[in-house]
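If you want the building blocks of each chain, they are given just below.
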Amino acid sequence: GMFGHHNHYHVRCHFPPGSPTMSQWKKMSKAERSAAIGKNTQTGPAPSRGPAGIKQSAASTAGPEAIAAAKARIKSIRASRGNLGSKIKSMMAEMSKLSLDDLKSIYGGGFGYALGLVNKSEPSITYNHNKQFYGASSPKTMAALAQMVKYDGTGQALNRKELDALLAYLKGSSGSNRTNRAISMTHKRRYRSGGTKGKYVPYKRQGGTQLGAVDREDVKRVAQVFGITNDKFLWGGSNNQQSPRDMFKFFGGLQRMITGTGSSLENNFYKRYKTAVDSVISAQKKRSHSPNVRFSGIKNRNHWGKGGRYGGNVSHTFVVDGKYVLSAYVYLGRNTWPNDFEEYAVLNTIISKLLEKVR
C-alpha cells in the first residue's frame, strides 16, 4: 500500500586522506572546521609543515559588511591629515582586518605577488605574478650584476664604493640613481641625444677608466641563468618593468648560488663570476629595508632584499630566513609620489599576510 515501502537514498562521501574523524570534528571550532574543509579542497597531499613549508590557506573573506566598512574607513583616512608613517599605519590597520582575497576585490590588478621556497624555481603562492610593473629601484641588483659580469676583471666594473652607493644607498660620491644612470645604456643614449634636457645627470668618475654601461642584451644573458626571459632591468620607464615572478626567480637564484644549492647552470655561473655575485650580494645586504615597510613585520625576520618607490609604484623583494622568497609590487594607477601612503599600506599588508604563511 501507500506506506508499504520506503525509498532508499545512498549517499557516498569521499573523505580525502588526513580528514578529521567524527570525534575530532566535534571538538573543532568553527574556524578549525572551515580550515579543515579548505585544506582538503586542495589537490594532492596536504601541505607539509616541515622546517620549510608554506601554509596554503583556502580562499577566505571577512564578508561584504567588513569589506564595505574597511573601504569607508580607508576613504576617510585618505582624506585626513597626517604624515606618511602614521597614514600607512592607520590604513594598514583597516586592510589587515580583510583577507588577501578581499584586497583583490578592492584593488584588482593594482598589485601582484609571488611567495615560494628558495629551493624551488617557481613560487607556490601567487597573484598577478606574471604582470610586469614599473620597478623604480627594484631592478638595480640585476643591473649591477649584469654590469659586473660584462666588465668582469676590468677597471670599468663597479667598484665596492660604487656598488655600496647603488645598492645600499651609502653616502658616497656617486649616489644610487646617478650610478644606475651611468651603468644603464638606456639612459646614456637619451642623455647623449639631449633627451633628458640636462636633468638626471649620470655619475662620472673623477679620473681613470670610466664606468662601463650595459644594454638589455647584456641583462638578458644574465637573466637567462635564473630562468628569467625578461630583460627590462635598466633605467627608464619602458626599460624598467619586472614581474613578481621575475624577482622571485632572481633572488631565489642568488640565495641558491651562495649556499651551493643551485642548478648546474647556476653553480657554473657562480664559479665563473663568484667575485661579481658575492660583491653584489654583500652590497645589497647592507641595505636591509626601507623604513616604509617596517609595518609589515619583516624586521622581525632574518631578511635581505631590494625595494623600489617612484611615481605611485612601490615594490619589495625579500629573501626570508634564507628559505623563502617573497616579492610584491603595488601600483594603484595614479602618481601619488611622495604621498604614497595607500600604496605602502597595501604593500605592508600583503607582506605581512604572506609572512604569516611562512612562520
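For the structure itself, look to the data block above.
It should be emphasised that the depicted structure is a prediction, and the values quoted were computed from it without experimental measurement. (Residues numbered from 1 in each chain as written. Predicted model: local features only at pLDDT ≥ 70, side-chain atom pairs only at ≥ 80, totals over all residues. Heavy atoms only, no water.)

1. Details of the pairing of strand 6 (residues 313-320)
Buried residues dominate strand 6, accounting for 8 of its 8 residues. Burial of strand 6 is two-sided: the residues Asn313, Ser315, Thr317 and Val319 facing one way and the residues Val314, His316, Phe318 and Val320 facing the other way are all buried. As defined by bridge partners, strand 5 (residues 303-310) adjoins strand 6 across 8 bridges and the pair is classed as antiparallel. Bridged to Trp304 within strand 6 is Val319. Two elements, strand 6 and strand 7 (residues 324-331), share 8 bridges in a ladder whose sense is antiparallel. Looking across to strand 7, one finds that Thr317 is bridged to Ser327. Here strand 6 folds back onto strand 7, and the loop between the two strands holds 3 residues, one of which, Asp321, carries a positive phi near 55 degrees. (Buried < 20%, exposed > 50% of the residue type's maximum accessible area, 1.4 Å probe, protein only. Helix = DSSP H or I, 4+ residues; strand = E, 2+ residues; numbered from the N terminus. Pairing = 2+ DSSP bridges.)

2. Digging into the nonpolar core
Residues Leu145, Phe226, Leu254 and Phe269 are the most contacted members of the largest nonpolar core, which totals 47 residues. Among the elements of the structure, helix 6 (140-150), helix 7 (160-168), helix 8 (176-183), helix 10 (216-225), helix 11 (244-259), helix 12 (264-272), helix 13 (274-285) and strand 7 are those that each provide at least two residues to this core. Take this core: its biggest share by element is 7 residues, from helix 6. In this structure, Met92, Met95, Tyr107 and Leu347 belong to the second largest nonpolar core, which totals 38 residues. (Core = buried A, V, L, I, M, F, W, Y, C linked by side-chain atoms within 4.5 Å.)

3. As for the pairing of strand 7
Burial analysis of strand 7 places 7 of its 8 residues in the buried class, the great majority of the element. As paired strands, strand 1 (residues 111-117) and strand 7 are joined by 7 bridges and run antiparallel to one another. Across the sheet, the residue bridging to Gly112 is Tyr329, located in strand 7.

4. So, unusual backbone geometry
Residues Trp337 and Pro338 are joined by a peptide bond in cis, for which omega reads -5 degrees. Structurally, Pro338 is set in the loop between strand 7 and helix 14 (341-356). Its identity as a non-glycine residue notwithstanding, Asn128 has a phi of 50 degrees, on the positive side. Within the secondary structure, Asn128 sits in the loop between strand 2 (125-127) and strand 3 (133-134). Here the phi dihedral of Tyr169 falls at roughly 55 degrees; this positive angle occurs in a residue that is not glycine. Tracing the backbone shows Tyr169 in the loop between helix 7 and helix 8.

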